[in-house]
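# Structure at a glance
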Amino acid sequence: MEKKLEKQLSEEFKNMVDKNNPQSSIIKDCIFAFVIGGLICDVGQFFMNMFLSLGVPQENVGYYVATVMVFLGAFLTGLGIYDNVAKYAGAGTIVPITGFANSIVSPAMEFKREGYILGVGARMFIIAGPVLVYGISSSVIVGIIYYFIKYFAK
Amino acid sequence: MDYIRAFIVGGLICVIGQILMDKTKLTPARILVSFVTLGVILGALGIYEPLVKYGKAGATVPLPGFGYSLAKGAFKGVDEYGLIGAFTGGVTGTAAGIAAAVFFGYLMAIIFSPKMKK
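Residues numbered from 1 in each chain as written. Chains lettered and ligands numbered in written order. Predicted model: local features only at pLDDT ≥ 70, side-chain atom pairs only at ≥ 80, totals over all residues.

### A word on the packing of helix α5 (residues 63-81) of chain B against helix α6 (residues 85-111) of chain B
All names here are of chain B. Condition: A fitted line through C-alpha atoms serves as each axis, taken over the contacting stretch for helices, and the angle formed by two N-to-C directions is quoted from 0 to 180°. Segments assigned H or I by DSSP are reported as helices when at least four residues long, segments assigned E as strands when at least two residues long, and all are numbered from the N terminus. Note on terminology: angles under 35 degrees are roughly parallel, angles over 145 are roughly antiparallel, angles of 65 to 115 are roughly perpendicular, and the others are oblique. Put simply, a crossing is left-handed when the front helix is turned counterclockwise from the back one by less than a right angle, and right-handed when it is turned clockwise. Here contacts are defined at the residue level, using C-beta atoms placed from the backbone and a cut-off of 7 Å between them. Residues are grouped as follows: nonpolar covers Ala, Val, Leu, Ile, Met, Phe, Trp, Tyr, Cys and Pro; charged covers Asp, Glu, Lys and Arg; every other residue, Gly included, is treated as polar.
Contact geometry of α5 with α6 gives a least axis separation of 6 Å together with a crossing angle of 135°. Judged by the inter-axis angle, α5 sits oblique to α6. Classified by chirality, the crossing of α6 by α5 is right-handed. Where α5 approaches α6, its residues F66, S69, L70, K72, G73, A74, F75, K76, G77, V78, E80 and Y81 are matched on the opposing element by G85, A86, T88, G89, G90, T92, G93, T94 and G97. A breakdown of the residues in the contact of α5 with α6 according to their chemical character gives seven nonpolar, eleven polar and three charged.

### Points about helix α2 (residues 28-44) of chain B
Threshold: A helix is expected to reach a length of 1.5 Å times the quantity of its residues less one. Buried, partly exposed and exposed are defined by the number of other C-beta atoms within 10 Å of a residue's own C-beta, namely 20 or more, between the two limits, and 12 or fewer respectively, with C-beta atoms placed from the backbone.
When the terminal C-alpha atoms of α2 of chain B are compared, their 24 Å separation across 17 residues agrees well with the 24 Å that a helix rising 1.5 Å per residue should span. Here α2 of chain B has its buried residues at I31, L32, V33, F35, V36, T37, G39, V40, G43 and A44 of chain B. The inward-facing, buried residues of α2 of chain B abut α4 (91-94), α5 (97-110) and α7 (125-153) of chain A together with α1 (2-24), α3 (48-55) and α5 of chain B. Directly after α2 of chain B, the chain includes G46 of chain B, whose backbone phi takes a positive value near 80°.

### Side note on the environment of L118 of chain A
Note that L118 of chain A resides in helix α6 (residues 116-123). Spatially, the C-alpha atoms of L118 of chain A and A108 of chain A are 9.7 Å apart, while their sequence positions differ by ten residues.

### Considerations on the UniProt feature "transmembrane region" (unreviewed entry) in chain A
All names here are of chain A. To keep things clear, this is the line we draw: UniProt positions are given in the numbering used here, feature names are shortened, and annotations may be inferred rather than shown by experiment.
Here, the residues flagged by UniProt with the feature "transmembrane region" (unreviewed entry) are residues 31-55, 61-81, 88-105 and 125-149. Across residues 61-81 one finds 95% helix and 0% strand; the C-alpha atoms that close the span lie 27 Å apart. Secondary structure over residues 125-149 splits into 100% helix and 0% strand, and the C-alpha atoms at its two ends are 34 Å apart.

### What to know about α5 of chain A
For α5 of chain A, built from 14 residues, the straight-helix expectation of 20 Å at 1.5 Å per residue is met to within 8% by its first-to-last C-alpha distance of 20 Å. Of all 14 residues in α5 of chain A, 13 are buried; the element is thus mostly enclosed.

### Some words on the UniProt feature "transmembrane region" (unreviewed entry) in chain B
Residues and elements named next belong to chain B. UniProt records the feature "transmembrane region" (unreviewed entry) for residues 6-22, 29-48 and 83-112 in the present numbering. The straight-line gap between the two end C-alpha atoms of residues 29-48 is 22 Å; of that span, 85% is helix and 0% is strand. In the segment residues 83-112, helix accounts for 90% and strand for 0%; the C-alpha atoms at its two ends are 43 Å apart.

### Digging into the nonpolar core
Selection criterion: By convention in this section, buried Ala, Val, Leu, Ile, Met, Phe, Trp, Tyr and Cys residues joined through C-beta atoms within 7 Å make up a nonpolar core.
Counting residues in each nonpolar core, the largest one holds 75 residues, and the members touching the most others are A33, V70, I97 and A101 of chain A together with L32, A74 and A101 of chain B. It is helix α1 (residues 2-53) of chain A that contributes the most residues to this core, ten residues altogether. Discounting chain neighbours no more than four positions away, the residues touching A74 of chain B are S139, V140, V142, G143 and Y146 of chain A together with A86, G89 and G90 of chain B.

### Considerations on the packing of helix α2 (residues 61-79) of chain A against helix α3 (residues 81-89) of chain A
Residues and elements named next belong to chain A. At a closest axis distance of 4 Å, the pairing of α2 and α3 adopts a crossing angle of 95°. With respect to their mutual orientation, α2 and α3 come out roughly perpendicular. Where α2 abuts α3, its residues G73, L76, T77 and L79 lie against I81, Y82 and D83.

Structural data, given as structure tokens:
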């Protein structure tokens, strides 16, 4: 009898928590995503300003920033730091290009025991692969459309 | 000033991703794919360009910025080489990021092992 009541109470409590949780947690999630995502972009801004002041031309500076940010994302993932931050940051660590690097290193490390070809070599593209497939394909389509618009506008 | 703008633009793009994740149960993989594709479309329509001018790294570091570079590269390729540029341009424009991701991704995966989950 007492057990039954206890179970019922704990279930009611769980329902209450579930009902109250989503709304407050989405705001908290968004604040974390905003702050950490913003900070990662500021790190990128720092390197952009640094390379510009070192005399890198404006049109090439993006290459430098992308390379450094990808390196940092991959390195911090290897150290296990990136995933600890990601627990709180959610999209704040997923959406920047460092998250793209993270999506490569994490599965590649995880599947190392399956070997260097089909383990590391293949699994590193489990998320990056689709990103490249859709990204590159849509850029080809956009390029072809642009070509024909230019052609007929002449 | 650069830093404040980059922080706000970059932060807001991440918040959009966070809302999508919480409200629609989209997995991170789908978020990444849609953001890059969206970046290509917005870049091609010329909508992303002002964001890059204003937010600088705040707009180029998030993944829509990667899509924007793909679209910009494809346009540049077409301008320089005609139709074949649609195929060469996108990857050319993002070659540094892609090669760095493959190279450093592989290197780090070889050097490090997964940490114990707490």
